[in-house]
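Tertiary structure, described
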Amino acid sequence: MPSATTNGTNGHSNCVNGNSKSALCSVDEFLAQSYDYLIVGGGTAGLCVAARLTEDPNVTVGVLEGGENRLDDKNVLTPSLFPTLPGRPDYDWMMESIPQPAAGNKVYSMPRGKMLGGSSGINYLMYVRASRKDYDGWRDLGNEGWGWEDLVPYFQKHQTLDLPSDNLMPHAAADKYHGINGPIHTSFNDYRIPMEEEFIKACYDVSKTKNTLHDAWSGDHFGFYSSLGAVDRTGNAGTRSYAATGYLKPNLGRPNLKVLTGALVSRILLETAGQQEPRVVGAEFIVSGQTYKAKATREVVLCAGVVQTPQVLELSGIGNREVLSAAGINTIVESPSVGANFQDHVLGGMVFECAPDVISLDALHGDEYGQKQQMIYEKEHTGPFGSPGMLMGFVSYASLVSEQELQNTIAEIKKNSLAKTAFEKKQEQLIIDQLSDPKFANLQTFLIPANMDLTACGDQTKYLGPPPKGKNRVAPLICLEHPLSRGSIHITSSDPTKPPHIDPGYLRNEVDAKILAVGLRWLDQVTKSPILSKSLGERVQPPPKVSLETEEDRIKVLREHISTQYHLIGTASMGEVVDERLRVKGVKGLRVVDASVFPAHVSGNIMSTAYAVAEKGADLIKEDASRG
Ligand SMILES: Cc1cc2nc3c(=O)[nH]c(=O)nc-3n(C[C@H](O)[C@H](O)[C@H](O)COP(=O)(O)OP(=O)(O)OC[C@H]3O[C@@H](n4cnc5c(N)ncnc54)[C@H](O)[C@@H]3O)c2cc1C
């Protein structure tokens, strides 16, 4: 593993879990002191904030995490085992949405990492950054300090770019945009299925564009490429690099850090004095059915993720008065947007057999090939077991439709707008500007190098299931990056062990379905391109008899088969629930630092942005502390 001095968190050397010097502690040890900062949720963002704050030996931090420590768990560490984690209670909170009327009335499983490292421990490892214009959009919504240039130092700070192995990968601006000693290792796959190059060529060919990608992590990822993954190739080679390995493991010996697992935070403790703003004084939590209280002298930092951060806020009396009173909670701070503005990326697509003799990662299910690759992985830490699918790209909506169609879409967005608040109206205008840009990444595509069951899109335990025996399959997918639809997450009970009511609002806005359908039309053409089609066999999903010819056909298929891309954001939005320093409005001593503060959706997968937000959040906390 990387040493503490090379990982940029200035930590003490690694320490065996559970020994007396370890930050991992019992309830009694945890309660034996008060903390300057209490962190709720030791996930992707929470462990980053904890590591950065405890760089100062005079600052004490306590982390309360609902899941367990899985630092040595091979299921987490082996990159290509990611499909086995969602839907298992040891790794996933196993929450579900309410039925989605605009998506076949399906109930969706909503996987969320339940362990130290949170969702960075169960995710698909794709390390992607959004476009410059995405983050500039955050700034233009009124959040000073959150544009692309402001965030570049924080992308660099969390990242180590391990050496690339070949030239399919656009990473030319390594010095300017990538980190060299951050806690999270990122690397290119050392194994690719044979049709990767064909998919990239076919995408460019059908789009009638040239490959101008310079570096997909430089604020411009318009084009098609094989992405970086959060896989360590230089330390513990071939393993998942995530918040627990990068930010916690090297710092377990810090005496000023305590981490309690299996601790479900039930509410934030607030003190109110007269007319003054309530002040946060600690957090209440439950371990093995027993309730405890821990004190924070400076701040509580809420890092429980997009589903549970609004849940904990509402359980604490911070939120929309109507929601709170229906759940039997007294309103202490009225904050109408808590739990609102929920957004997710949704995706749909197709599944194909591979042509005879062409393989995908499904070949790993074959006894002989699978065992051979397992041995290679165990001995050399290379090969498909350490190389999950990273093939992707971005295409603009404006480049796929005529000028007239684009204008019709914009007119329809305005005419049937669901935006009510000033904030939602600004977001909508931002999306219109993004859709009008012929070089903006409105739609993401993937070639998943394995079987999927798109008909089981609501059930994560079946969605990425194994192929029928002896079959090799691939799944070209298309994904909507800036949804107009909004959902919400709210408590319906004062019981903290009851999951909140998750309404993702998928395809609630008809225009979202139409934009995605244009993407599906383009993807259909890509699969028919002779460059790629020679490697593909029959389309198995949707079955060949299902037409994708008309907009109506495509929308029907999408409404039946869309899935979450697990990129939930926005339920404690910056500008609404928190200010641009991530302080919860109307309360003293409480911040939110996780993906719930994203004020608008961004193109591509969001883990790198969650790390950047956490790195910047930690700096804001330090700056405010130094001002006294
Ligand atoms: C299955 C899946 C696949 C994904 N694939 C990718 C991908 O390939 N690339 C990418 O960029 N992004 C991906 N993502 C998204 C990305 O991983 C997340 O957006 C990001 O990790 C969220 O970070 P966070 O800090 O906001 O929340 P989390 O990392 O989820 O952290 C929240 C933490 O809080 C804890 N917690 C919650 N409630 C409480 C409570 N009441 N008390 C105590 N602890 C609590 C949780 O256990 C968790 O550890 C994926 C996500 C999932 C779930």
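For clarity, every value in this text was computed on a predicted model and none was experimentally measured. (Residues numbered from 1 in each chain as written. Predicted model: local features only at pLDDT ≥ 70, side-chain atom pairs only at ≥ 80, totals over all residues.)

**Description of the site of the ligand**
What counts, and what does not: Whether a residue is near a molecule or strand depends on its C-beta atom, placed from the backbone, lying within 6 Å of it. The secondary structure listing takes helices from DSSP runs of H or I that are at least 4 residues long and strands from runs of E that are at least 2 residues long, numbered from the N terminus. Note on residue categories: nonpolar means Ala, Val, Leu, Ile, Met, Phe, Trp, Tyr, Cys or Pro, charged means Asp, Glu, Lys or Arg, and polar means any other residue, Gly included.
Residues in contact with the ligand amount to 42 residues; listed here are only the nearest, Gly-41, Gly-43, Gly-118, Asn-605 and Met-607. Of all elements in the fold, only α2 (44–53), β13 (264–271), α9 (305–315) and α18 (607–627) reach the threshold of two or more residues within the shell around the ligand. Per-element tally for the shell around the ligand: the top contributor is α9, with four residues. Split into classes, the residues belonging to the shell around the ligand amount to 22 nonpolar, 16 polar and four charged.

**Regarding helix α7 (residues 196–207)**
Put simply, the test is: To estimate the expected span of a helix, subtract one from its residue number and multiply by 1.5 Å. Exposed residues have 12 or fewer other C-beta atoms within 10 Å of their own C-beta, buried residues have 20 or more, and residues in between are partly exposed; the C-beta atoms are placed from the backbone. Residues are scored as being in contact if the C-beta atoms we place from backbone atoms lie within 7 Å.
Between the first and last C-alpha of α7 there are 17 Å, a value that for 12 residues agrees with the 16 Å anticipated at 1.5 Å per step. Of all the residues in α7, the buried ones are Glu-196, Glu-198, Phe-199, Ile-200, Ala-202, Cys-203 and Val-206. Where α7 is buried, its residues contact β8 (223–226), β20 (391–395), β21 (443–448), α15 (510–528) and α16 (530–533). Directly after α7, the chain includes Lys-208, whose backbone phi takes a positive value near 55°.

**A word on the UniProt feature "binding site: FAD" (unreviewed entry) in the protein**
We count it as follows: UniProt positions are given in the numbering used here, feature names are shortened, and annotations may be inferred rather than shown by experiment.
As annotated by UniProt and renumbered to match this structure, "binding site: FAD" (unreviewed entry) occupies Val-265. Its place among the elements puts Val-265 in strand β13. Leave out the neighbours within four places in its chain, and Val-265 touches Val-40, Leu-64, Ala-283, Phe-285, Ala-304 and Val-312.

**With respect to the UniProt feature "domain: Glucose-methanol-choline oxidoreductase N-terminal" (unreviewed entry) in the protein**
Those places that UniProt annotates as "domain: Glucose-methanol-choline oxidoreductase N-terminal" (unreviewed entry) correspond, in this numbering, to residues 113–136. With 21% helix and 8% strand, residues 113–136 has its two end C-alpha atoms placed 29 Å apart.

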